[in-house]
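# Observations on chain architecture
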Amino acid sequence: MKVTDCNDKKIKRVLIVGGGTSGWIAAASLSHLYNHADLNIRLVESQEIATVGVGEATVPHIRYFNARLGLDEREFMKSTQATFKLGNEFRNWGREGLRYAHPFGAFGESVAGVGFHHHWVRAHKKGLASEIGDYALSVQMMNKGRFALPDKDPQSVLSTFSYAYQFDAYLYAAYLRKYSEARGVVRTEGKVTHVEQHPETGDVTAIQLASGERIVADLFIDCTGFHGLLIEQTLKTGYEDWSHWLPNDRAWAVNCEIREGHLPLTRNTAHKVGWQWRIPLQHRLGNGYVHSSAFIDEQDALDTLMNNLEGPTLTEPKLLKFVTGKRKKQWNKNVVAIGLSSGFLEPLESTSIHLIHLAVTNLVEMFPDKDFRDEDRDEYNRIMSMEYTRVRDFLILHYHATERTDSEFWNYCRTMEIPDALKYEMDLFRQRAVVVNYKQKFFLEPSWLSVYFGQGVMPDSYDPLSERLNDAELEALMVHTKSRIDQAVDAMPSNGAFLEAYCPGSVTPEKALH
Ligand SMILES: Cc1cc2nc3c(=O)[nH]c(=O)nc-3n(C[C@H](O)[C@H](O)[C@H](O)COP(=O)(O)OP(=O)(O)OC[C@H]3O[C@@H](n4cnc5c(N)ncnc54)[C@H](O)[C@@H]3O)c2cc1C
């Protein structure tokens, strides 16, 4: 019997084109996993072509990603000027003056076999409950500016939340570069000027740099950002444009001094058109104004941002242009697009870096050999498309579930046709407080609940099993849940004080008080 030698088919050379956040995440992951294997990993980047340099707020999944790479949390935070993030705070979204939190944590606990939020809806209708955020530990930590690490004991109320980071995008890429180079990744400085393709299959076979150097590889990872050098400029893969649902297509970004202290959250304040982010890092504040060029011009948008800063600027404002959507295929032929080259969903829920981590994880799970089977590509594209679509629908909810009537922008978002899947989810919720529970879904029930309730979408009814509790028991549940949370939060240090103790030198003493 003839046995095929797997080595003949093994991918031996991977070339990552692009050295922004996505390029270095891909390099770090692959070099960690294939450190001892016979895989040559190279990365090409050009100092002539800047990275986007934003992308500073994350979601908790990054901690599991970091743990897989074996990163030390304190060292990681120190190297990237990182702060803790317990969730996003939204101002003026459901209507002007309304504020709510989307925390990385649960609302209460299930009782009598029914999710806490059903009891809360019932209690709220009877006037026995205050706002939903009073029953989430992480929301109270955000409101009071406190921080502690979660407890692993499921009995402890401190086990009911998670956290992420906010960090400097340039330092993050530099940190991962150091990690990757220490594991054998070879970086080449240079601008790609020509891409060679196989005359029959159309696969990419090599790239050429301005210096004249030619680099051959088996698998190419396109991390060239919005340029999409391989996936689009070369392979003409096509793009699904979602801007009719998410019309923002510009962002002004600028850094300024941090004046209002270190709250453990990203703040997203809605304006008449679009919204503004506030991301506190150890050494500075990241700010940006995401808006739609169809509803506001560039200068007015810049003025809006500059008039809403809390301290003197540290950088020149930078304008970024984008089209919300995704590549029709994120893996095409022997090119996998990761990061902005694969698509972009605006940063309202800080999802891009997570989608990069997810892409790399999926690629590793379906790592090809030189046969490049359609099935692998199709499955990869199916998973990534589903993840993008579900994040998209969650973002659309923020714009659509609003009572704002003060501008053309909000009138458009409030009245636009939404995707069928989202309409279905919203209808289900409105009837009986049900959140659709997909097996694979990035944002889970608490996230959807926080936006629904926070933006004034109240269900008509609730799970009838909640009526197993009589009114006195229902009220006692609300009182007990809230007081347990209040006691736990009041015993915590301020976020600034915790940060300073955890990463000495990170926060000046007066800011640690906030
Ligand atoms: C306004 C805005 C706000 C954002 N906020 C967040 C956030 O809060 N959280 C989050 O998770 N994400 C956020 N993102 C997304 C995040 O910034 C990106 O996902 C992340 O930075 C990855 O970018 P990238 O590496 O794919 O592309 P880039 O940073 O653009 O890097 C592209 C790389 O390709 C190289 N390159 C391009 N062409 C060539 C060539 N011809 N030859 C050689 N090299 C080349 C460049 O030199 C560069 O190194 C935001 C994005 C935008 C636009």
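Going by the structure above, here's the rest.
All of the points below concern the structure found in this document.

## Comments concerning the environment of phenylalanine 372
In this structure, phenylalanine 372 sits in the loop between α10 (352–365) and α11 (374–400). The sequence separation of phenylalanine 372 and aspartate 153 amounts to 219 residues, and the corresponding C-alpha distance is 45 Å. Apart from the residues lying within four places of it in its own chain, the contact partners of phenylalanine 372 are Ile11, Asp218, Leu219, Trp331, Lys333, Asn334 and Arg377.

## Examining the sheet that holds strand β14 (residues 266–270)
Spatially, seven strands are ordered β5-β4-β14-β15-β16-β13-β17 in an open sheet, and the strand pairing comes out mixed. Strand pairing shows two members of the sheet lacking a second neighbour, β5 (99–103) and β17 (318–321), which therefore form its edges. This sheet shows a mean twist of 20° between the axes of neighbouring strands, independent of strand direction. Direction of pairing for strand β4 (residues 87–91) relative to β14: parallel, over a ladder of four bridges. In the sheet register, glutamate 89 faces β14, and the bridge partner there is arginine 267.

## Focus: the nonpolar core
In terms of nonpolar packing, the biggest core is built from 141 residues, with Ile338 and Tyr399 touching the most fellow members. When near neighbours in sequence (up to four residues on either side) are disregarded, isoleucine 338 contacts Ser22, Ile221, Asp222, Cys223, Ile356, Ala359, Val360, Leu363 and Tyr380. One finds Val44, Ile207, Leu209 and Leu230 within the second-largest nonpolar core, a separate group that totals 17 residues.

## A short note on the site of the ligand
In the neighbourhood of the ligand, 33 residues make up the surrounding shell, with Ser22, Ile49, Ala57, Val192 and Ile353 lying closest. Cysteine 223 has a polar backbone atom sitting 3.4 Å from an oxygen atom of the ligand. In isolation the ligand exposes 1,000 Å². Once the protein is present, 97% of that is buried. Of all the secondary structure elements, the ones that give two or more residues to the shell around the ligand are α2 (21–33) and α10. The class makeup of the residues in the shell around the ligand is 15 nonpolar, 15 polar and three charged.

Calculation notes
Residues numbered from 1 in each chain as written. Predicted model: local features only at pLDDT ≥ 70, side-chain atom pairs only at ≥ 80, totals over all residues. Heavy atoms only, no water. Helix = DSSP H or I, 4+ residues; strand = E, 2+ residues; numbered from the N terminus. Contact = heavy atoms within 4.5 Å. Pairing = 2+ DSSP bridges. Axes fitted to C-alpha atoms, helices over the stretch in contact; angles between N-to-C directions. Core = buried A, V, L, I, M, F, W, Y, C linked by side-chain atoms within 4.5 Å. Buried < 20%, exposed > 50% of the residue type's maximum accessible area, 1.4 Å probe, protein only. Near = heavy atom within 4 Å. Polar contact = N/O pair within 3.5 Å; in protein donor to acceptor, adjacent residues only side chain to side chain. Areas by Shrake-Rupley, 256 points an atom, 1.4 Å probe, with all protein chains shown as cover. Nonpolar A, V, L, I, M, F, W, Y, C, P; charged D, E, K, R; others polar.

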